[in-house]
Amino acid sequence: MLRAVRNVNLNKVSIRKTAAEFKINYRTLARYCKKIPEKEQLDTKIVTPSVNVGYIKNRMVFNETIESQLESYILRASDIYFGLSPKEIRTLAYQIGIENSLNIPQSWTENKMAGSDWFTAFLKRHPTLSIRTPEPTSLARVSSFNRTNVDSFFDNLSTVMSRHFFQAHEIWNMDETGVTTVQSPNRVVARRGYKQVGSIVSAERGTLVTMACAISAIGNNIPPFFVFPSVHYKDHFVANGPPGSNGSANPSGWMQEKDFILFLKHFHNHVKSTTERPVLLLLDNHGSHLSIEGLNFAKNNGIIMLSFPPHCSHKLQPLDRTVFGPFKKYLNSAGDSWIINNPGKTMTIYDIPTTVSQAYPLSMTPKNIQSGFRCTGIYPFNRNIFSDFDFAPSYVTDRADPTSQNTNTESNSSFNGNVESEIDTVIPNSPNIPLVELSNSEMFISNPKAFKTNQNNSLFLNVLEEPIADQSYSKQSSSTTPNHEKSQTIVSD
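The model shown is predicted, which means the values in this text are computed figures rather than measured ones.

Asks: I'd like a description of the packing of helix H5 (residues 64-79) against helix H6 (residues 86-99), backed by residues and values.
Replies: Interaxial distance between H5 and H6 falls to 12 Å at its minimum, and their mutual angle equals 140 degrees. Considering the angle they form, H5 stands oblique to H6. Helix-helix and strand crossings are classified by hand; for H5 and H6 the assignment is right-handed. Of H6, the residues touching H5 (which contributes Ile 66, Leu 70, Tyr 73 and Ile 74) are Ile 89, Leu 92 and Ile 96. Its residues assigned to classes, the contact of H5 with H6 comprises 7 nonpolar, no polar and no charged.

Asks: Quick one: what's the story with the packing of aromatic side chains, residue by residue and with numbers?
Replies: What describes a pair of aromatic rings is the distance from one ring centre to the other and the angle between the planes of the rings. Following the criterion strictly, the structure yields 20 aromatic pairs and no others. With centroids separated by 5.8 Å and ring planes inclined at 80 degrees, the aromatic side chains of Trp 108 and Trp 118 adopt a geometry described as edge-to-face. Placement of Trp 108 in helix H7 (residues 106-111) and of Trp 118 in helix H8 (residues 116-125) is noted, with a sequence separation of 10 residues between them. Assigned by exposure class, Trp 108 and Trp 118 land together as buried. Ring centres of Phe 153 and Phe 154 lie 5.3 Å apart, and the angle between their planes is 65 degrees; this geometry places the pair in the edge-to-face category. Members of the aromatic cluster, joined through ring pairs, are Trp 172, Phe 225, Phe 260, Phe 263 and Phe 267. One cation-aromatic arrangement involves Arg 16 over Tyr 26; the distance from NZ or CZ to the ring centre is 4.0 Å. The ring centre of Tyr 395 lies 4.4 Å from the NZ or CZ of Arg 76, which sits over that ring.

The rules behind these values
- Residues numbered from 1 in each chain as written.
- Predicted model: local features only at pLDDT ≥ 70, side-chain atom pairs only at ≥ 80, totals over all residues.
- Heavy atoms only, no water.
- Axes fitted to C-alpha atoms, helices over the stretch in contact; angles between N-to-C directions.
- Helix = DSSP H or I, 4+ residues; strand = E, 2+ residues; numbered from the N terminus.
- Parallel < 35°, antiparallel > 145°, perpendicular 65-115°, else oblique.
- Left-handed = near helix turned anticlockwise from the far one by under 90°.
- Contact = heavy atoms within 4.5 Å.
- Nonpolar A, V, L, I, M, F, W, Y, C, P; charged D, E, K, R; others polar.
- Phe/Tyr/Trp six-rings, centres within 6.5 Å; stacked < 30°, edge-to-face > 60°.
- Buried < 20%, exposed > 50% of the residue type's maximum accessible area, 1.4 Å probe, protein only.
- Lys NZ or Arg CZ within 6 Å of the ring centre and 35° of its normal.

Structure, rendered in C-alpha cells:
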C-alpha cells in the first residue's frame, strides 16, 4: 500500500492506473493517499506505514494466541481418537471465555456455548480443521497398535528375513473376509426431494460365506478358498468361481481348524514350497490358525508362518490396507448386476462364487497388492514406516514398563503432554478428553497349555524346530474357542 501511495503522490501516476497495477480498489487507494503521513511517503527507508492497513479484527472474542492453542487442543484430541463435536467445541469456547474473564457476547451466556456463527468463522480462520465422520475403532485396536508391539513384529520379521533371505515372490499374506448374499447397493441417481430411495437386495439379512485369500509381495495371488455354511462340501459349489478355486464347509461358515488345514494344502498346491525353498506366510492370530496339525503341515512343507500382533492387522496387514476395500466395492457392483440379470430371484450361497469371479480379478491387481506390502513396511522392509502420529491413539492407555526401575519414563509417543502443558493455563480441563493412563499389559497373556511365554508377557518369537508330536499340548478346538485373535506371535519354521 505504501508503494502504491508513493507512486500516486510522488510519481504523479493516476489513482486508477496505480490501483489497477497494484490490484487495489481505487477508492481504498485514494483514502490511504490522504491517511499515510507525507513524512513516511518521502522516507524510502520506511517499508511499513504506521497506519493500519486492511481489516482490523476488533470484534474477535479470542486473540490469535488463544485461538491457535484451541486449534492445537482440537487437533490433539482428534489424533488420540477423542475428537470433539461442533457442539462440544462451542461449549469449550464458552468455558474458555468465562475462565479467562473475556468480554463474550450475551448470547453465549444465555446458551452456555458459543454461537454457530463464531464456529463457522473459526473453521474459516483455521483451514487445518474440518468436520469429519470418524471411523469406529475398537479399544483393543487403539491400545494394541503401539510402538512396542509393532517393533516386536518387525524384530520377528527381520529375524526370519535374515535367516532365509526371502525374495518378493516368496513373501505371502493370507487373510479371510466375509462375503454375504445381501450386497450394499451402489449410489444411484433418483428423484430430487424424496427422503428414501430404494434398491432391491435378496433378503433382509444375508448368509455369510468366508473367503480366504493369499497375495505375494511381487503382486501375485492364488485362487480364493471358500468356507460354506453347509454340513457337506461339494465341488459344484465353486463351479462358477474364479479358476482354481477350492473350498470346504462347516455349519457356521467361519474358518475353523480343519478348514485352515485344507487352505494350507490349497496354498501349498499353488506356491509349490519345499523345505529347501520355503515361503513366508504372514497371517493374523485367529484361533483356527493355531492348530498343531496345521503348524506341523506348514513345518513339513516349507511354509514359515509369522503372525501379526493381536488387533494390529488394520495397520500391518496388506490385504486389509489396499485389497479388501476395492474388492468389497467391486463385489457390491457385481451383486447389483446379478439382481438386475436375475429379476425375481434370491441370491444363495452358491451364487457367491459367481459374483466373486467378477470382483476378484479387478481388485487383486499387482498395483494394489504391491501398495499393500509397501505401506505396511513389510516389503521393501521398512520398520520406520509408522510415525508418532500413527501411534498417537495408544497414548491413552500407555504406561511405563512395569519391569523398568524408572517410573518416570516418558511414553513412546512424542505427543505426550506437549499440547496439554502449553495450553493448560488457557483452556480448562475438558471432560470430553479423558486422558486416562491404563495398563495394556494384561492384553498379552499367552496360552500356557500350548506355548511358552516370557516373563513380562510381551509378544514373542516361538520357533518350532521339530514337528509337534507330544499329546500333552492341548489342541484348541474351534467349537470351544471363540473366534477372536489370540495373544501371541508365532513363527512356524
